[in-house]
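Structure assessment
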Amino acid sequence: MTEFEEEVYRALLRGGAAEGQPEGVRVAIARLAELGLVRLDGGEGAVAVGPEVGITRLVRRRMLEASAELRRVCEAWETLPALMSERRGWGFGDVVERVEEAELDERIWSLALDAGEVLTMRDQGWRVGAEVLSRLLRRLGEGVRWRTIIPRELLKDAEVVEYGTRLHRAGDRHRVADSAVQPLVIVDRLVAFVPAVVNGRRSGALMIRQSGVVAPLVDLFERVWDHAIDLELDVSAGLSARERRILFLLATVAKDEIAAREMGMSLRSYRRHVADLLARLGAVNRIQAAVLAKQRGWI
């Protein structure tokens, strides 16, 4: 609304007549009627709609307009990769771009800090600058979903444990995998970054926007995540690799004989380990132990 249209609306709310040129008032009333703030009654003229109805209606209309504008902006943003490909002479359909090491962090964070979900696997310690960390913590506080997987080897570094635990508690949920992992970043399940050279340091990355490639990478992440251990529980539990394996078999294998054979130990030794784990979990039977271990992120 213009200031004059607001004055006319306020005057009608008070039950009076708006001041100003008759033609200007008529134009303002027509505009207010279009906005749903005035009802035109042939017998009584213009009647102001109550603000609890009219303003709510106006706000809803503006929200719908803003949402439509946001969709148009997002559609424009989605055309950027294709336009960049055309400029580089790759053709419209190319969806894999090599990003050099010098610009890799900037490219990843430019997408990740505006994303709703980020999945990462890290194979070495890391830190980010103070400005990026501040923005990341703010985004985590807003409820965006971040998950990170690190290999157990990194827990030997106290700084990694301290830094990872800080992010974990802020909302970037961390889990620990028993085996080594390859670096991976997936943004909103639409864009993935993988090393350009396997085990190659400072070799840059491939930025992939092909859904047929990104989807299996998401599936890979989820599979590793399901078998990894919550960072804080892992650090505090002090479980050995053997104990974690026994818990996994306890939850997935029905017969002790088969599980013992999988572990390469005697049936008596296996059952002794199971009894110890039940006691640590405070479980009265194996089914409850499996449930508790799953709830605590031990398996």
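Details of the structure are given in the entry above.
Residues numbered from 1 in each chain as written. Predicted model: local features only at pLDDT ≥ 70, side-chain atom pairs only at ≥ 80, totals over all residues. Heavy atoms only, no water.

**Remarks on the overall build of the chain**
Stated precisely, the cut-off is as follows: Numbered from the N terminus, helices here are DSSP runs of H or I no shorter than four residues, and strands are runs of E no shorter than two. Buried, partly exposed and exposed residues are distinguished by accessible area as a fraction of the type maximum, computed with a 1.4 Å probe on protein chains only: under 20%, between the cut-offs, and over 50%, respectively. Contacts were defined at the residue level, with two residues in contact if any of their heavy atoms lie within 4.5 Å. Every accessible area reported is derived by Shrake-Rupley at a probe size of 1.4 Å, with residue values counting cover from the shown protein chains alone.
A count of helical and extended segments in the chain gives 13 helices and ten strands. Looking at the chain as a whole, 38% of its 299 residues are labelled buried. In the chain, of all internal contacts separated by at least 6 residues, the share reaching a separation of at least 24 is 63%. Here the chain has roughly 17,800 Å² of accessible surface; of this, 53% comes from carbon and sulfur atoms.

**Observations concerning empty space enclosed by the protein**
Rules: Cavity: a set of points on a 1 Å grid over the protein atoms alone where a 1.4 Å probe fits but cannot get out. Pocket: an open set with protein on both sides within 12 Å along at least five of seven lines, its lining residues, like those of a cavity, having an atom within 4 Å of a point. Grid points are joined across faces, edges and corners, and a volume is the space filled by probe spheres set on the points. Any residue outside Ala, Val, Leu, Ile, Met, Phe, Trp, Tyr, Cys, Pro, Asp, Glu, Lys and Arg is labelled polar, Gly included; the first ten of those are nonpolar and the last four are charged.
Counted by the stated rule, this structure contains one cavity of 30 Å³ or more. Computed from the structure, the largest cavity encloses a volume of approximately 40 Å³. Counting residues per element, the ones that place at least two in the lining of the largest cavity are β5 (145–151) and α7 (158–170). Here the lining of the largest cavity is composed, by residue class, of seven nonpolar, one polar and two charged.

**Section: the packing of aromatic side chains**
For clarity, the cut-off: Stacked, tilted and edge-to-face are the three classes applied to pairs of Phe, Tyr and Trp rings, where Trp contributes its six-membered ring and a pair requires centres within 6.5 Å; stacked means planes under 30 degrees apart, edge-to-face means over 60, and tilted covers the rest.
Tallied over the full model, the rule gives two aromatic pairs. The interplanar angle of 20° and the centroid separation of 5.8 Å between the aromatic rings of Trp109 and Trp146 together place this pair among those described as stacked. On the criterion of sequence distance, the pair formed by Trp109 in helix α5 (residues 101–112) and Trp146 in strand β5 is long-range, its members being 37 residues apart. Overall, the relative accessible area of 4% leaves Trp146 in the buried class.

**Considering the pairing of β5**
Keep this limit in mind: Pairing between two strands requires that DSSP report at least two bridges joining them. If the strands point away from the viewer and the path from the first strand over the helix to the second runs clockwise, then the crossover is right-handed.
Most of β5 is tucked away, with six of its seven residues classed as buried. Sheet topology note: the strand β4 (residues 117–121)/β5 ladder contains five bridges and is parallel. Bridge pairing in β5 places Leu119 opposite Arg147. With helix α6 (residues 130–141) bridging β4 and its parallel neighbour β5, the resulting β-α-β unit is right-handed.

**Focus on the pattern of salt bridges**
Which entries qualify depends on this criterion: Basic side-chain nitrogens of Lys or Arg form a salt bridge, by our definition, when they fall within 4 Å of a carboxyl oxygen of Asp or Glu.
Enumeration according to the criterion identifies 17 salt bridges in this entry. Residue Arg189 is joined to Glu222 by a salt bridge in which the shortest nitrogen-to-oxygen separation is 2.9 Å. Residue Arg189 is found in the loop between β7 (184–187) and β8 (191–195), and its partner Glu222 is found in helix α8 (residues 211–227); the two are separated by 33 residues along the sequence. Residue Arg189 is classed as partly exposed on the basis of its relative accessible area of 37%. Under the relative-accessibility criterion, Glu222 is labelled buried at 19%. The shortest N-O distance in the salt bridge between Arg245 and Glu262 comes to 3.6 Å. Taken together, the residues Arg245 in helix α10 (residues 241–252) and Glu262 in helix α11 (residues 256–263) connect sequence positions 17 residues apart. Each of Glu117, Arg145, Arg147, Arg189 and Glu222 takes part in a single network of salt bridges with overlapping partners.

**Observations regarding α7**
The criterion, for reference: Multiplying 1.5 Å by the residue count of a helix minus one yields the expected span of that helix. Contacts described as polar in this section are N or O atom pairs within 3.5 Å, which, within protein, must combine one atom able to donate a hydrogen with one able to accept it, while residues neighboring in sequence count only if both atoms come from side chains.
If you check α7, its first and last C-alpha atoms are 18 Å apart, about what 13 residues at 1.5 Å a residue would give, namely 18 Å. Within α7, the full set of buried residues consists of Val160, Val161, Tyr163, Gly164, Thr165, Leu167 and His168. Two to three positions downstream of the cap, the backbone nitrogen of Glu159 sits 2.9 Å from a side-chain oxygen, assigning the N-cap of α7 to Asp157. Immediately downstream of α7, the backbone of Gly171 shows phi near 130°, a positive value.

**Quick look at unusual backbone geometry**
Unlike most non-glycine residues, Asp188 shows phi in positive territory, near 55°. Along the chain, the position of Asp188 falls in the loop between β7 and β8.

**Remarks on α11**
Worth spelling out the cut-off: Starting at the helix axis, one direction is taken to each C-beta atom, and the arc is that of these directions.
Of all the residues in α11, the buried ones are Asp256, Ala259, Ala260 and Met263. Along the long axis of α11, the arc covered by the buried residues comes to 100°, so they all point the same way.

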